[in-house]
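# Residue-level structure breakdown
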Amino acid sequence: VCTFVYLGTSWLSITKDAKRRKYDPTLALKYTDIFFKDIKDEKHKATDVLIRFHSGSIKWEDFPERCEIEPVLDVLDDLGFLLQGHQVSDWVLYQYFSFWVQLYYEASEGYIELKRSEDNTLWEHLPDLYSDMMTIQSHKNGKPREQLILGKDLLQLLKDENSMRS
């Protein structure tokens, strides 16, 4: 009988802790400070660069300013690392970062692939983070992921993002 009581109490404690971690925003809030305050200037510069890239017809290999987007990709990759290490949940990251993960990943995807072909450890957690955000987005919208790709709206969304400078 004591064993069953102990196992039941342990199970409740584990379940309660798992629920708390699933919705614990502590790390996400720290990263909102990093993303929206600490690297605000770098984020604006990256957005400018992405607008110029997507407004032209140049390849990533030939685009000299491409490295300006790296600070944004680094922070998003950190979020993917924390997600993979179960330090923050996908639902919490979705709540705080899904739009920006999708926007910057899709706008930078060619550059990410180029750099990862040279060094596959660069932004190694970012593709999985993007995939997880899109899975949740698909679930919440009841649409296949292919219908959620920004596509022709990407450039306008980048411009809108840049117009929100404060």
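Data block above holds the structure.
Structural notes, computed from the coordinates. No experiment lies behind these values; they were computed from the predicted model shown. (Residues numbered from 1 in each chain as written. Predicted model: local features only at pLDDT ≥ 70, side-chain atom pairs only at ≥ 80, totals over all residues. Heavy atoms only, no water.)

## Considerations on the packing of aromatic side chains
One pass over the structure, following the stated rule, counts 13 aromatic pairs. Judged by centre distance (3.7 Å) and plane angle (15 degrees), the ring pair of F53 and W60 falls under stacked. Taken as a pair, F53 and W60 share a single burial class, namely buried. Arranged with centres 5.4 Å apart and planes meeting at 40 degrees, the rings of W60 and Y111 form a pair that is tilted. Highlighted residues: W60 in the loop between α3 (40-55) and α4 (70-84) and Y111 in helix α5 (residues 90-118), separated in sequence by 51 residues. Residue class for W60 comes out buried when judged on its relative accessible area of 7%. Classification of Y111 by relative accessible area gives buried; the value is 1%. (Phe/Tyr/Trp six-rings, centres within 6.5 Å; stacked < 30°, edge-to-face > 60°. Buried < 20%, exposed > 50% of the residue type's maximum accessible area, 1.4 Å probe, protein only. Helix = DSSP H or I, 4+ residues; strand = E, 2+ residues; numbered from the N terminus.)

## Let's talk about the pattern of salt bridges
Oppositely charged side chains are able to pair whenever their charged atoms sit close together. Scanning the entire structure with this criterion turns up six salt bridges. When the shortest N-O distance is used, the salt bridge between E161 and K43 registers 2.8 Å. Residue E161 is located in helix α7 (residues 154-163), and its partner K43 is located in helix α3; the two are separated by 118 residues in the primary sequence. Owing to a relative accessible area of 5%, K43 belongs among the buried residues under this scheme. Between E65 and R52 there is a salt bridge; the shortest N-O distance is 2.7 Å. Taken together, the residues span a long stretch of sequence, with E65 in the loop between α3 and α4 and R52 in helix α3 at a distance of 13 residues. On the basis of relative accessibility, which here comes to 30%, the residue E65 falls in the partly exposed class. Judged by relative accessible area, which is 40%, R52 ranks as partly exposed. (Salt bridge = Lys/Arg side-chain N within 4 Å of Asp/Glu carboxyl O.)

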